[in-house]
Amino acid sequence: MLTLAIETSCDETSVAVVEDGRKVLSNVIHSQTDLHKDFGGVVPELAARDHLERLPALLDLAMKKAGIRPGDLDQLAVTRGPGLIGCLLVGVGVGEGLATAWDTPLTGVNHLWGHVYAAMLSRPDLEPPLLGLVVSGAHSDLVRMPAHGRFEVIGRTRDDAAGEAFDKAARMLGLGFPGGPALDKLARKGDPKRQPLPRPSLPGLEYSFSGLKTALLYRLRDMGDSITDQDRADLAASFERSVVESLLEKLDQALDATPVGEVVVAGGVAANTLLRRRAAEVVGSRARLTMPPLELCTDNAAMIAAAGYYGGSHPADVDPSLSW
Ligand code: KG4
Ligand code: ZN
């Protein structure tokens, strides 16, 4: 079964063709980083227009790379939400148009399920039940997935998402956009012990990163112009450590409370160097840990195709949903 998927929820335009929900035949991604970098963040209106301009060529390229024609497709999948509404509308509109033109069924996919399904593309034998930590620019969710297409959120953030916290910290440290990867790079030169920052810890399985962000802001204010490049690297390392240890503390608790054989850590923040290393240590031998390769951690359409294959929503429900 061949699925063609479209992902346009934020600032990556992507089209992919996936066979039987697991084998990636093509996964073309255009990142809008250059378009938004002067603004220090994603400008929704510019993002939506760019998706619309790029999609036709990306569709052609994805099918060419996969060696297929529209008549070969069994299913179309499109990200329905959560995401930026104008951006989602472009993907869904194009998906609906193609579904009509090609007489192919269309399914709407939850973007966060997509991030979990990215792990299945990298490990064809991976099956639920699993425990997932989905960490992206807008979400920090702990989920249980008892079976394909079924997700239960058991923990989430009260305020900022982990990726958002990294992006804001990076901006405070003068690192520009996108901040997460830049902060990751700088942190490798720093020592977290030299500039300790608080480690957020709420009861239960909730996260909160706004207090940590404020602590960094005040520290930078106190240091003023006397700050050195080494201080910046130390602060990046310390901030990163606080976020990562907080994320993993709850994963550890959830795994203890309800043991399960498979753990997935996914989403853009799962590209983080320290998170990848520490997650392996924290999960240890209690479960098998899968973290998608870097190119499948950040937004891409292959993960949407996989999620669509295994249980996107009913075809009638493709309307964009901001907060799904
Ligand atoms: O999943 P994603 O590509 O888009 C959303 O669905 O939000 O995640 C993007 C987020 C951004 O906040 C970005 O800064 C963060 O993932 N990110 C990272 C790294 N690479 C991407 N954060 C920390 N370290 C990284 N290496
Ligand atoms: Zn994402």
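The structure presented is a predicted model; accordingly, all values stated were derived computationally and were not measured.

**Details of the side chain of asparagine 272**
Structurally, asparagine 272 can be placed in the loop between strand S9 (262-266) and helix H9 (273-283). One polar contact links asparagine 272 to glutamate 240, side chain to side chain, over a distance of 2.9 Å. Asparagine 272 has contacts with Phe166, Asp184, Glu240 and Val244, leaving out every residue within four places of it along the chain.

**Some points on the pairing of strand S6 (residues 130-135)**
With six of its six residues buried, S6 lies for the most part within the structure. Pairing of S6 with strand S7 (residues 140-147) involves six bridges; the strand directions are antiparallel. Residue leucine 131 lies in a different strand from S7, and its bridge partner there is arginine 144. Linkage of S6 to S7, two consecutive antiparallel strands, is achieved through a turn of four residues.

**Some details on the state of the cysteines**
Scanning the entire structure with this criterion turns up zero disulfides. No disulfide involves cysteine 10; its sulfur sits 6.6 Å from that of cysteine 87, the nearest cysteine. Given the relative accessible area of 23%, cysteine 10 is considered partly exposed.

**A few points about the coordination of the zinc ion (ligand 2)**
Looking at the zinc ion (ligand 2), the protein donor atoms are His111 (NE2), His115 (NE2) and Asp299 (OD), and they sit 2.0 to 2.1 Å from it. Each donor residue of the zinc ion (ligand 2) lies on one chain, and together they are spaced H-x3-H-x183-D. In this pair, histidine 115 sits in helix H4 (residues 111-122) while aspartate 299 sits in the loop between helix H10 (294-297) and helix H11 (302-311), placing the two residues 184 residues apart along the sequence. Aspartate 299 carries the same exposure label as histidine 115, and that label is buried.

Rules behind the numbers
- Residues numbered from 1 in each chain as written.
- Chains lettered and ligands numbered in written order.
- Predicted model: local features only at pLDDT ≥ 70, side-chain atom pairs only at ≥ 80, totals over all residues.
- Heavy atoms only, no water.
- Helix = DSSP H or I, 4+ residues; strand = E, 2+ residues; numbered from the N terminus.
- Polar contact = N/O pair within 3.5 Å; in protein donor to acceptor, adjacent residues only side chain to side chain.
- Contact = heavy atoms within 4.5 Å.
- Buried < 20%, exposed > 50% of the residue type's maximum accessible area, 1.4 Å probe, protein only.
- Pairing = 2+ DSSP bridges.
- Disulfide = S-S within 2.5 Å.
- Donors = N, O, S within 2.8 Å, 3.2 Å for Na, K, Ca; no water.

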